[in-house]
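Remarks on the overall topology
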Amino acid sequence: MIGAGVIGLTSALRLAAEGHSVALLDPAAPGQGASFGNAGTIAGYAVLPVGMPATLRAIPHLLFDRHSPLAVDRGSLLSLAPWLVRFLRQSLPGPARRNATALAALLADAAPRWRELAAEVGAARFLRDAGCLYLHASPAALRGARADAETRRALGAAAEVIDAAALAALEPGLPPFAGATLFPEALSFTDPGAVMTRLHAACLRAGVELIETRIDQIERVPVGLLLKGPGFLRTFRRAVIAAGARSRRLAAQVGDRVPLDTERGYHVEWDMAAPLLGRPCCPVARGFYLSPMAGRLRAVGTVELGGIDAPPSPHRIARLEEGARAVFPDLGPPDRSWMGLRPSLPDSLPVLGPSRGGADVIHAFGHGHIGLTLAPVTAEAVAAWIAGRDPGPAFHACRPQRF
């Protein structure tokens, strides 16, 4: 298993439960990348891809508004151009509808799968069943939210548009908003990092071997798969590529050219004894989440397309602070900030399934903003492919050969 984020941890645990001997290979501590730094939402409502016709219409705003949740590093524009062209094509009505249908199929069982897994690994106490809110600042935005909610409901997601009074009853600590979209079936974690720690511990109890190394090369040899990294050389019968934003090069080495690029995501946190909110809330106009977590408030989100190696952007961190204070003006300086890497595909679908060169390599990466949500679903599919089973039609749209 190449990669020890939430996808690697859950997949390793499932494979060990089915009797396989499993090694997790990652140079970093398990579960401490994007799996740790997210909004903590199990977002079964996220049935709409990032690329939609509305996204095309909003591009001038997204690129030039200082409050925009999107930033593109100008120095990376040339290398990003092929990805951006694919993204624009996937935002057209036909592809967007197909991608939404595929996402809805993947997400249908995400919440019950997480309930089962959280109970299994001793993390149920971190699971909050209070829904999630999209906050709408104006009556016009609230009117537009009704069409969005209807689209989500048609795809199987529970969504309800509520007025300002109903919102105030749910979240009395918020300033006035015109209303909100309530996703009542959404789950969230009060401490994603603690959940990752418990997943890691469950893997160790199940006999999973943890190897702290970076894999730079994967090669098919007569006796299996030769994995190479700094000071590391070992042969395995099969491999699962779950290395998140760093998966593209490994996938190419086994025959799959995947148009994966990297989103740099951020969060800032304020320590506090009493929570300001009862559930994750997203001020839609600013495109980030305010997530109440154990002993702290996390402002998390924004998308920065700019590659893997650039340092964190103080501008993006400042925009998160500014957005959080627009909701809660009395917040002082944040206690910490963080940047992580998300693997992003132009169609918003992950890359899941056997490689073009054979089922000895399984791809399980590219989940974008829904890696935490889809981890148990992905783990179940990975175990099926390793065992030679078909995990079902929901995964057909995610096959690596679609590009």
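See the structure shown above.
These numbers were taken from a predicted model, which means no experiment stands behind them.

What the protein contains, in helices and strands, is 12 helices and 20 strands. For 403 residues, the compact-globule estimate of 2.2 N^0.38 gives 22 Å, and the C-alpha radius of gyration of the protein, at 20 Å, lies within 12% of that figure. Projecting the C-alpha coordinates of the protein onto the three principal axes gives extents of approximately 65 × 45 × 40 Å. Counting across all 403 residues of the protein, residues that qualify as buried make up 55%. Looking at the protein alone, contacts between residues at least 24 apart form 75% of all its contacts between residues at least 6 apart. With an accessible surface of roughly 16,800 Å², the protein has 56% of that area assigned to carbon and sulfur atoms.

On to the sheet that holds strand S12 (residues 232-236), then. Pairing is antiparallel across the open sheet formed by three strands, whose spatial order is S10-S11-S12. Of all strands in the sheet, those with a lone pairing partner are strand S10 (217-221) and S12, marking the two edges. Averaged over all pairs of adjacent strands, the angle between strand axes in this sheet comes to 20 degrees, irrespective of strand direction. In this structure, S10 lies alongside strand S11 (residues 224-229), joined through five bridges in antiparallel fashion. The residue of S11 that forms the bridge with Gln 217 is Lys 228.

Once that is clear, we can look at unusual backbone geometry. Even without being glycine, Ser 348 reaches a positive phi, approximately 65 degrees. Position of Ser 348 relative to the elements: it lies in the loop between strand S18 (336-344) and strand S19 (351-355).

Looking now at the packing of aromatic side chains. What the rule picks out here adds up to eight aromatic pairs. Ring geometry for Trp 385 against Phe 395: centres 5.8 Å apart, planes inclined by 80 degrees, an arrangement best described as edge-to-face. Taken together, the residues span a long stretch of sequence, with Trp 385 in helix H12 (residues 371-386) and Phe 395 in the segment after H12 at a distance of 10 residues. For the pair formed by Trp 385 and Phe 395, the shared burial category is buried. Cluster of aromatic residues (ring-pair linked, three or more members): Tyr 45, Tyr 134, Phe 183 and Tyr 289.

For Arg 402, the location among the structural elements is in the segment after H12. A distance of 2.8 Å separates polar atoms of two side chains, one belonging to Arg 402 and the other to Asp 347. Once residues lying within four places of it in the same chain are set aside, the contact partners of Arg 402 are Leu 345, Asp 347, Leu 349, Pro 350, Val 351 and Ala 397.

Where helix H6 (residues 110-121) meets H12, the axes come as close as 8 Å, and the angle between the chain directions of the two elements is 80 degrees. Classed by the angle they form, the pair H6 and H12 counts as roughly perpendicular. Contacts from Ala 110, Arg 113, Trp 114 and Leu 117 of H6 reach H12 at Leu 372, Thr 373, Ala 375, Pro 376, Val 377 and Glu 380. Of the residues in the contact of H6 with H12, the class split is seven nonpolar, one polar and two charged.

Time to look at the nonpolar core. Nonpolar side chains in soluble globular proteins tend to be buried together. In this structure, Val 6, Tyr 45, Trp 114, Phe 189, Leu 199 and Tyr 289 are the most contacted members of the largest nonpolar core, which totals 71 residues. The element contributing the most residues to this core is H12, with nine residues. Among all residues touching Phe 189, those that are not within four sequence positions of it are Gly 40, Ile 42, Trp 114, Phe 126, Leu 127, Arg 128, Val 195, Met 293 and Leu 372.

For the rest of this paragraph, the subject is the environment of Arg 205. With respect to the element layout, Arg 205 can be found in helix H9 (residues 192-205). Separated by 189 residues in sequence, Arg 205 and Ala 16 have C-alpha atoms that sit 9.9 Å apart.

Below, the discussion takes up the pairing of strand S17 (residues 296-305). Of all 10 residues in S17, 10 are buried, a share of seventy percent or more. Bridge analysis of strand S14 (residues 261-271) against S17 gives eight bridges, and the strand direction is antiparallel. Looking across to S17, one finds that Val 268 is bridged to Ala 299. Between the end of strand S16 (residues 288-293) and the start of S17, which pair antiparallel, lie two residues, with Gly 295 showing a positive phi angle near 75 degrees.

Let us look at helix H1 (residues 6-17). For H1, spanning 12 residues, the distance from its first C-alpha to its last is 17 Å, which sits close to the expected 16 Å at 1.5 Å a residue. With respect to burial, H1 is a largely interior element, 10 of its 12 residues being buried. For H1, the set of buried residues is Val 6, Ile 7, Gly 8, Leu 9, Thr 10, Ser 11, Ala 12, Leu 13, Leu 15 and Ala 16. Tucked inside the fold, the buried residues of H1 contact strand S1 (23-25), helix H2 (34-37), H6, H9, strand S20 (358-365) and H12. With its phi angle positive at about 95 degrees, Gly 19 sits one or two positions after the end of H1.

The three strands are arranged S13-S20-S19 in an open sheet whose pairing can be described as mixed. The open sheet has two edge strands, strand S13 (239-241) and S19, and neither has a second partner. Taken over all neighbouring pairs, the strand axes of this sheet differ in orientation by 20 degrees on average, direction set aside. Pairing between S13 and S20: three bridges, direction parallel. Its bridge partner lying in S20, Val 240 is registered against Ile 362. Each of S13, S19 and S20 is contacted by H12, which is oriented at about 175 degrees to S20, the strand it contacts most.

Parameters at a glance
Residues numbered from 1 in each chain as written. Predicted model: local features only at pLDDT ≥ 70, side-chain atom pairs only at ≥ 80, totals over all residues. Heavy atoms only, no water. Helix = DSSP H or I, 4+ residues; strand = E, 2+ residues; numbered from the N terminus. Rg over C-alpha atoms; globule rule 2.2 N^0.38 Å. Buried < 20%, exposed > 50% of the residue type's maximum accessible area, 1.4 Å probe, protein only. Contact = heavy atoms within 4.5 Å. Areas by Shrake-Rupley, 256 points an atom, 1.4 Å probe, with all protein chains shown as cover. Pairing = 2+ DSSP bridges. Axes fitted to C-alpha atoms, helices over the stretch in contact; angles between N-to-C directions. Phe/Tyr/Trp six-rings, centres within 6.5 Å; stacked < 30°, edge-to-face > 60°. Polar contact = N/O pair within 3.5 Å; in protein donor to acceptor, adjacent residues only side chain to side chain. Parallel < 35°, antiparallel > 145°, perpendicular 65-115°, else oblique. Nonpolar A, V, L, I, M, F, W, Y, C, P; charged D, E, K, R; others polar. Core = buried A, V, L, I, M, F, W, Y, C linked by side-chain atoms within 4.5 Å. Expected span 1.5 Å × (residues − 1).

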